[in-house]
Amino acid sequence: MDEPLTLLEKAALLSGGTVWQTRAVPRAGIRALWFADGPHGIRKQTGSADHLGLGASQKATCFPTAATVANSWDPELAEKVGEALGAEAAAQGVDVLLGPGLNIKRSPLCGRDFEYFSEDPYLAGKLAAGYVRGIQSQGVSACPKHFAANSQELRRMASDSVVDERTLREIYLTGFEIAVREGHPHTVMSSYNKLNGTYAHENHWLLSRVLRDEWGFDGAVVSDWGGGNDPVAAVRAGGTLEMPSSGFDSVERILRAVERGELSEADLDARVAEVVALGGRVERPSATQRVDEAAHHELARDVVAQSAVLLKNEDGLLPLAPGTRVAVVGDFAATPRYQGAGSSLVNPFRLVTTLDALPASGLELVEYAQGFTRGGAGDATLVAQAVRAAQQADVVLAYLGLDEISEVEGRDRAHLRLPSAQVELLAALAEVNEHVVVVLSGGGVVETEWLGRCQALLHGYLGGQAGAEAVLDILVGKVNPSGRLAETYPVRLEDTPAHRYHPSGGVTAEYREGPYVGYRYYATAEVPVAFPFGFGLSYTAFAYSDLEIGATGAAFTLTNTGSVAGAEVAQLYVGRDPSSTAGVVRPIRELKGFAKVALAPGESTRVVIPFDEYTFRHFSTATGRWEVESGRYSIQVGASVEDIRLSATHEVTGTVEPTAGRREDLPHYASGEITNVPDEEFAALLGHPAPPTSRVRGPLRLDDPLAAMTEAASPLARLAHRVLVRLIARADAKGRPDLNLLFIYWEPFRAIAKMTNGLVSTAMVEALLVVVNGHAFRGIGALVRAAVANNRMNRRLRRELAAVSH
Ligand code: BGC
């Protein structure tokens, strides 16, 4: 039927019909689209729907998380993972896969770092683009997330990221830019946070100017679940679809705004066209399509084989010869830690443990000892048993790592230490056996003051359902490790650039460290690290020679000088030539290209890493554009950010001449010493004073999180706050953080209307706030009236929509 869509139908298409689906307009051939998490496996919920991984979901392959895959430095491998994810999504009837997640690891404390790729935007962007291409090759839309500057879990829905434009563009947006330009996703997910004062989902600058006008994105912007605020502002700004369903609350607000002339129909039509186009872009997934579970398991295994990072291998202890008698110690060998927790939680088809896989590895198991309990204090009996096993073995394989509660969505890590029970266990093992290999599980970095107690260290990250097999393949040399760190291992948390600023408990999160994220800081400010960005050992060695720089890129010869086949990740870094003192302030070197190259023993090859539009550019706050400064640049090629093997100077004719570079008003940014930037200098970087960091005292507002009820005028609200705090603490004490409660605690009042499927409207939340603010009588009256009105409105619009659209 080609009757044009009615106003009601249009407004109804811009918010969800359920937790996971959009609304359909059957008479216009518009079907409901199905969304599902997530980044490393499909989480299509079967029963009661929630978005925090609490309800059960259909089985799927659990691939390694993004933090793991990133260490492969291999966008083609990422694309293969994307293809497999897309195929599984299609087979489950999923239209839009909510991933990949590519937020920059601003600090290793972020609770969701395990879901993100890297501290570097170029690497993150290239890998994300691979995922997007792979997913979309199967007729399913990818949905890169969370756009943008979403770097902490604390107050994640109630935080305003305050970032200067240059840092924002060069660090936090460049990864998305690459993913959009090279992957062409059909959707992008906006983040929960505000960005420089405006919610991401209604940030016109972000969604229309940058994403659509500058990068050419022509798809739909989907809000994070409950991340919508003002639906009218979203439509104006370029936010397409609000998820999940908020009943007809947002629909009605859009209708009213159009009727009153506050929202133009042109804006409405533009957003509707994006939803309709999305439906046309995702092919109707075939219900008959079958997933090759065995092939996907093998792929998941191969990814870990290419991604695990060998961090230490003293005296060539690894690889272990067949028949080596090993003691396997550590709870993770029996019960793997293979994924994080929250919306990305996958219900795996299979899960192979180290103990399952060991018989096929060629190693001889002397004994398995648990060694420690998850989350528990040290246990002398378990340690004694582990020590006895270690005494009888040639080599001890100690499976250590972060337990389930240390890396979860909704909560940041409190420190970077391994649980003390594990560190004590390691010390006891090292006393009786000098050949200890630590195999680490965890989605991020840890402090390694215990490094001297092991002879070898392999970081398997979060390996998904087949990780244990791949790790054993590396330990016995069936696979030569080729993973390289996509993030820096600092010596201590206090050395990390944002440790004074992150996570912020205030209403703003100030990105005072500017562009000095990860290695950009350590390398520029010369802060020693435990393991640098890009680092990883191999069972062979590589030599670099004959660097030639041309107008289009760098070429050099790479030789495998060892006796086994292996792959090297050659990295290209660019910085200003040290002899030039002019120009904008910038990190000493930045990653601008890389190549993963497999070589047989003795083999040489000429490697070319091309320059591209990202190589020399910086964002000029003076011209408001990307510019290239003319002059000399240092081109460096190496095996990590600190292991530069070849370098040369290269003259570039740019778009601007280097200026004095604001060194006087930005002295800390000029030196890279940014851990304690004073207010005035941060204001100079921002171009205006930073907004207040704490909430303005006074009545609670829609924007305030429920956590702010501690300041509420109503004693009942303060009591509710105390009850919430107590329930959260009780769950924590049991070692099982309650993600739902954490979500509620930091949820802004406005989100109640977004997460209750129409049961609660915005007007009802406004009335509730009147109660919370101490006017119980007035508030309850208003609440009852609003509830009645909401009920009527939902019934009426549902009826009207059904009448027109079927
Ligand atoms: C998460 C998203 C996820 C969504 C749906 C949100 O809480 O931030 O990453 O895709 O829920 O589960």
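Residues numbered from 1 in each chain as written. Predicted model: local features only at pLDDT ≥ 70, side-chain atom pairs only at ≥ 80, totals over all residues. Heavy atoms only, no water.

Draft legend 1. Up close: the UniProt feature "domain: Fibronectin type III-like" (unreviewed entry) in the protein chain. The feature "domain: Fibronectin type III-like" (unreviewed entry), as annotated in UniProt, sits at residues 568–641 in this numbering. Counted over residues 568–641, helix gives 0% and strand 59%. Its end C-alpha atoms are 14 Å apart. (UniProt positions renumbered as here; feature names shortened; annotations may be inferred. Helix = DSSP H or I, 4+ residues; strand = E, 2+ residues; numbered from the N terminus.)

Draft legend 2. Quick look at the sheet that holds strand 5 (residues 160–162). If you walk across this open sheet you meet the four strands as 8-7-5-18, and the pairing is mixed. Edge strands, defined here as strands with exactly one partner in the open sheet, are strand 8 (198–199) and strand 18 (508–510). Bridge analysis of strand 5 against strand 18 gives three bridges, and the strand direction is parallel. Bridging from a neighbouring strand, Val162 pairs with Glu510 of strand 18. (Pairing = 2+ DSSP bridges.)

Draft legend 3. Inspection of the packing of aromatic side chains at higher detail. Overall, the coordinates contain 22 aromatic pairs when judged by the stated rule. Note on Trp73 and Phe594: the rings are 5.3 Å apart at their centroids and 90° apart in plane angle, and the pair reads as edge-to-face. A residue pair is termed long-range when its members are at least 10 positions apart, and Trp73 in the loop between helix 2 (66–69) and helix 3 (75–91) and Phe594 in strand 23 (residues 590–599) qualify at 521 residues. What makes Trp73 buried here is its relative accessible area of 1%. (Phe/Tyr/Trp six-rings, centres within 6.5 Å; stacked < 30°, edge-to-face > 60°. Buried < 20%, exposed > 50% of the residue type's maximum accessible area, 1.4 Å probe, protein only.)

Draft legend 4. Seen up close, helix 5 (residues 165–183). Of all the bends found along helix 5, the most pronounced is centred on Leu173 and spans about 60°. With respect to burial, helix 5 is a largely interior element, 16 of its 19 residues being buried. Downstream of helix 5 by one or two residues, His184 has phi in the positive range, about 50°. (Bend = angle between axes of the 7 residues up to and from the residue.)

Draft legend 5. Up close: the site of the ligand. Asp37, Arg112, His146, Tyr192 and Asp224 are the nearest of the 15 residues found near the ligand. One of the side-chain nitrogen or oxygen atoms of Arg112 is found 2.7 Å away from an oxygen atom of the ligand. Within the contact set of the ligand, an oxygen atom lies 2.7 Å away from a side-chain nitrogen or oxygen of His146. Bound to the protein, the ligand loses 100% of the 310 Å² it would expose on its own. Tallied by class, residues from the shell around the ligand come to five nonpolar, three polar and seven charged. (Near = heavy atom within 4 Å. Polar contact = N/O pair within 3.5 Å; in protein donor to acceptor, adjacent residues only side chain to side chain. Areas by Shrake-Rupley, 256 points an atom, 1.4 Å probe, with all protein chains shown as cover. Nonpolar A, V, L, I, M, F, W, Y, C, P; charged D, E, K, R; others polar.)

Draft legend 6. Geometry of the packing of helix 13 (residues 380–392) against helix 14 (residues 420–432). The interhelical angle for the contact between helix 13 and helix 14, taken along N-to-C directions, is 30°, at an axis separation of 9 Å. The orientation of helix 13 relative to helix 14 falls into the category roughly parallel. Relative to helix 14, helix 13 is oriented so that their crossing is right-handed. Of helix 14, the residues touching helix 13 (which contributes Val383, Ala386, Val387, Ala390 and Gln391) are Leu425, Ala428, Leu429 and Val432. Looking at side-chain class alone, the contact of helix 13 with helix 14 contains eight nonpolar, one polar and no charged residues. (Axes fitted to C-alpha atoms, helices over the stretch in contact; angles between N-to-C directions. Parallel < 35°, antiparallel > 145°, perpendicular 65-115°, else oblique. Left-handed = near helix turned anticlockwise from the far one by under 90°. Contact = heavy atoms within 4.5 Å.)

Draft legend 7. Examining the environment of Ile42 more closely. Assignment of secondary structure puts Ile42 in the loop between strand 1 (35–36) and strand 2 (59–60). According to the relative accessible area criterion, Ile42 is buried, its value standing at 0%. Placed 84 residues apart in sequence, Ile42 and Lys126 show a C-alpha to C-alpha distance of 22 Å. For Ile42, the residues in contact, after removing those within four places along its chain, are Ala36, Asp37, Gln58, Ala60, Leu85, Glu88, Ala89, Gln92, Val94, Leu97 and Val346.

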